[in-house]
Amino acid sequence: MQVSSLNEVKIYSLSCGKSLPEWLSDRKKRALQKKDVNVRRRIELIQDFEMPTVCTTIKVSKDGQYILATGTYKPRVRCYDTYQLSLKFERCLDSEVVTFETLSDDYSKVVFLHNDRYIEFHSQSGFYYKTRIPKFGRDFSYHYPSCDLYFVGASSEVYRLNLEQGRFLNPLQTDAAINSLPTISALKFNGALTMAVGTSTGQVLLYDLRSDKPLLVKDHQYGLPIKSVHFQDSLDLILSADSRIIKMWNKNSGKIFTSLEPEHDINDVCLYPNSGMLLTANETPKMGIYYIPVLGPAPRWCSFLDNLTEELEENPESTVYDDYKFVTKKDLENLGLTHLIGSPFLRAYMHGFFMDIRLYHKVKLMVNPFAFEEYRKDKIRQKIEETRAQRVQLKKLPKVNKELALKLIEEEEEKQKSTWKKKVKSLPNILTDDRFKVMFENPDFQVDEESEEFRLLNPLVSKLCEKRKKKLRLFEQQELHEKEEEEEPEGKPSDAESSESSDDEKAWVAEVRKQRRLLQQEEKVKRQERLREDRQTVLKPQFYEIKAGEEFRSFRDSATKQKLMNKTLEDRLKLEAKNGTLSVSDTTVGSKQLTFTLKKSEQQKQQQEAEKLHRQERKTLRRSAGHLRSRPWRGRPFH
């Protein structure tokens, strides 16, 4: 049994090895098995699983019990019983078979399409009936609901033969041009809407019947007609084969899953249902049997293959190409072996050659005798890189907001070390986000650490900034001395860092009070400076022009208004707060809250005074009227 691997997919060839002639006696066969190791290690799943000369087509019955194959010479069909692992029967035919189909679940009803336009029906006992179609046929299919056979060939018509009525029906006329290229060489349906078409130029087109454009086009790159197309639903794969290679690729993306390249040309491929077994009809007497465990389990009649492959995986042996080295033409020029091209020492493969691995190592040692010294230097270089990785890693910090960038880097490292990183979706980093790039390039975005808001929102920012500044100094020193010194600079001991981290909570209240005192002192100094400037200011007489429509009341009001307009916004706000029209209060998060009371104009004041007098007069009149009603009438009565 031969094992090959491509894209880490194991493929077991169960038909490789020497085949013994049929005319050998059992005694001679046993003697050969004792002498020849290859004969002794071969696996013969089905006895006499071969044709006299060439196998053309191969299929499996619907119940999975029988394997039918056609070949030459003479033209014949052979049926193998998988339950008995041997040949069931063999029937010779008059001409070569193009393709065939089983109409029943077993071998009891079979239809053969010959290359001489004849259609031959076989029953369980043997030949049953023969008829002819007008043109040479290429393929046919059976429609079970209507019992119709549809034949296509060297014509634009599709011939219909009804097996219930026993006669030909009117053919279906198509617009297909027979002489045009490329032509369809293989076709396979998957369900009611998906269809894979193989062309004579080596392409496989995947169609949805609701669209006239292919969903995917896969090229075999060999230019050979596609022989067979199969769908593998469990892994969403398509198996397409030409005469040289079998490719397995994903039907959604077209990515290659694995490939299989037999020694002889391929005529037909059959995928055993619900398993990982592959049967091939080749231009050789032996029919190919391949087992790919990734595609599915072994069939029920050879379930021992699963145990056998598991044992082989536990005790791995050398694969097909482990004893060979793949080299390109440039590698051969470097080794001085271009004169071996065309000799048995080099086997051409794709864009290079395969050569014996022992020969490759021997020539490489002769060409480069100092290979061991290079290997030793590489190992030393790797050790140095490993020791450098244990040092404090340098970080490229931006020119603006270096401390903020260092803080973000530290937070990102802590997230990577934490355990909840696997559960929580990671957020984008600001340093790598182009939307925040200007914040670390434009000096206008530099964080002002002396501002009141910054100091109130970060009561411990001074302590944290000191730590980061120390780290920044450490990075700068390491950048300066990296090329000169290889030793690691001594940093701060971990005990000191842990002690500082434990003191942070105790110093919280003291730090907040300290920041408050500093702000009050700075405010007091600013007020004293403003008072000193006001005292030093010398007032000079000035003349003002009254605007049209305004009434002059006093110089004092205009002077006060002009003086108020010359003051800063901060001074005006404080004056408004003193007069009661503005109230300023601090919130819990350190921001300011302002409440304004709008001033009333002179007209509004006069109107309010008039309304107040009016209300007082009405109140006085109501009181006097009530007093008159309450007094009794003491005068003389009217007559």
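Residues numbered from 1 in each chain as written. Predicted model: local features only at pLDDT ≥ 70, side-chain atom pairs only at ≥ 80, totals over all residues. Heavy atoms only, no water.

(A) Local environment of the overall build of the protein. On a plain count of helices and strands, the protein comes out with 14 helices and 30 strands. Burial analysis of the protein (639 residues in total) assigns 30% to the buried set. In the protein, 42% of the contacts between residues at least 6 apart in sequence involve partners at least 24 apart. If you sum the accessible surface of the protein, you get close to 45700 Å²; carbon and sulfur atoms cover 51% of it. (Helix = DSSP H or I, 4+ residues; strand = E, 2+ residues; numbered from the N terminus. Buried < 20%, exposed > 50% of the residue type's maximum accessible area, 1.4 Å probe, protein only. Contact = heavy atoms within 4.5 Å. Areas by Shrake-Rupley, 256 points an atom, 1.4 Å probe, with all protein chains shown as cover.)

(B) Structural detail: a positive patch on the surface. Taken together, the side chains of Lys612, Arg615, Arg618, Lys619, Arg622 and Arg623 define a basic patch exposed on the protein surface. As for its position among the elements, Arg618 is in helix 14 (residues 602-630). (Patch = residues over 30% accessible without salt bridge, like charges linked within 9 Å, V, L, I, M, F, W, Y side chains within 5 Å. Salt bridge = Lys/Arg side-chain N within 4 Å of Asp/Glu carboxyl O. Lys, Arg positive; Asp, Glu negative; His and termini not counted. Charge placed at Lys NZ, Arg CZ, Asp CG, Glu CD.)

(C) Up close: empty space enclosed by the protein. Within this structure, the stated rule accounts for one cavity of 30 Å³ or more. As a volume, the largest cavity reaches approximately 30 Å³. Lining the largest cavity, in full, are Leu68, Val77, Phe89, Arg91, Tyr107, Val110, Phe112 and His122. Those elements that provide at least two residues to the lining of the largest cavity are strand 6 (86-92) and strand 8 (110-114). Partitioned by chemical class, the residues of the lining of the largest cavity number six nonpolar, one polar and one charged. (1 Å grid on protein atoms, 1.4 Å probe; cavity = no way out; pocket = protein on both sides within 12 Å on 5 of 7 lines; lining within 4 Å. Points joined across faces, edges and corners; volume = space filled by probe spheres on them. Nonpolar A, V, L, I, M, F, W, Y, C, P; charged D, E, K, R; others polar.)

(D) Structural view of the nonpolar core. Ranked by internal contacts, the top residues of the largest apolar core, which has 25 residues, are Leu45, Ile58 and Met277. Listed by contribution, the elements that provide at least two residues to this core are strand 3 (54-60), strand 4 (66-72), strand 24 (277-282) and strand 25 (288-291). The residues contacting Ile58, other than those within four sequence positions of it, are Phe49, Ile67, Leu68, Ala69, Phe100, Asp268, Cys270, Leu279, Thr280, Ala281 and Met287. Formed by 15 residues, the second largest nonpolar core is a distinct cluster that contains Val269, Leu271, Leu278 and Leu295. (Core = buried A, V, L, I, M, F, W, Y, C linked by side-chain atoms within 4.5 Å.)

(E) Molecular detail of the sheet that holds strand 16 (residues 194-199). The four strands are arranged 15-16-17-18 in an open sheet whose pairing can be described as antiparallel. Each edge of the open sheet carries a strand with a single partner, namely strand 15 (184-190) and strand 18 (216-219). On average, each strand axis in the sheet is tilted by 15° relative to the strand beside it, whichever way the strands run. Of the pairings in the sheet, the one linking strand 17 (residues 203-208) to strand 18 comprises four bridges and is antiparallel in character. Residue pairing in the sheet places Leu205 in a bridge with Val217 of strand 18. (Pairing = 2+ DSSP bridges. Axes fitted to C-alpha atoms, helices over the stretch in contact; angles between N-to-C directions.)

(F) Region of the structure containing a nonpolar patch on the surface. A cluster of nonpolar side chains, Ile184, Leu187, Phe189, Leu193 and Leu209, forms an exposed patch at the surface whose accessible area comes to about 450 Å². Position of Leu193 among the secondary structure elements: in the loop between strand 15 and strand 16. Judged by its relative accessible area of 36%, Leu193 is partly exposed.

(G) Just the pattern of salt bridges, in detail. Using the criterion set out here, one finds eight salt bridges in the structure. Note that Lys130 and Asp94 form a salt bridge whose closest N and O atoms lie 3.0 Å from each other. Separated by 36 residues along the polypeptide, Lys130 in strand 10 (residues 127-132) and Asp94 in the loop between strand 6 and strand 7 (97-102) bring together distant segments of the chain. Residues Asp571 and Arg530 are paired through a salt bridge, measuring 3.5 Å at the closest nitrogen-oxygen approach. Residue Asp571 is located in helix 13 (residues 569-579), and its partner Arg530 is located in helix 11 (residues 508-536); the two are separated by 41 residues in the primary sequence. On the basis of relative accessible area, Arg530 is assigned to the partly exposed category, the value being 24%. Linked through salt bridges whose partners overlap, the residues forming this network are Arg76, Arg78 and Glu90.

(H) Expanded view of the sheet that holds strand 19 (residues 228-232). With antiparallel pairing, the four strands of this open sheet are ordered in space as 19-20-21-22. In this open sheet, the two edge strands, each paired with only one partner strand, are strand 19 and strand 22 (256-260). Averaged over all adjacent pairs, the angle separating strand axes in this sheet is 15°, with direction ignored.

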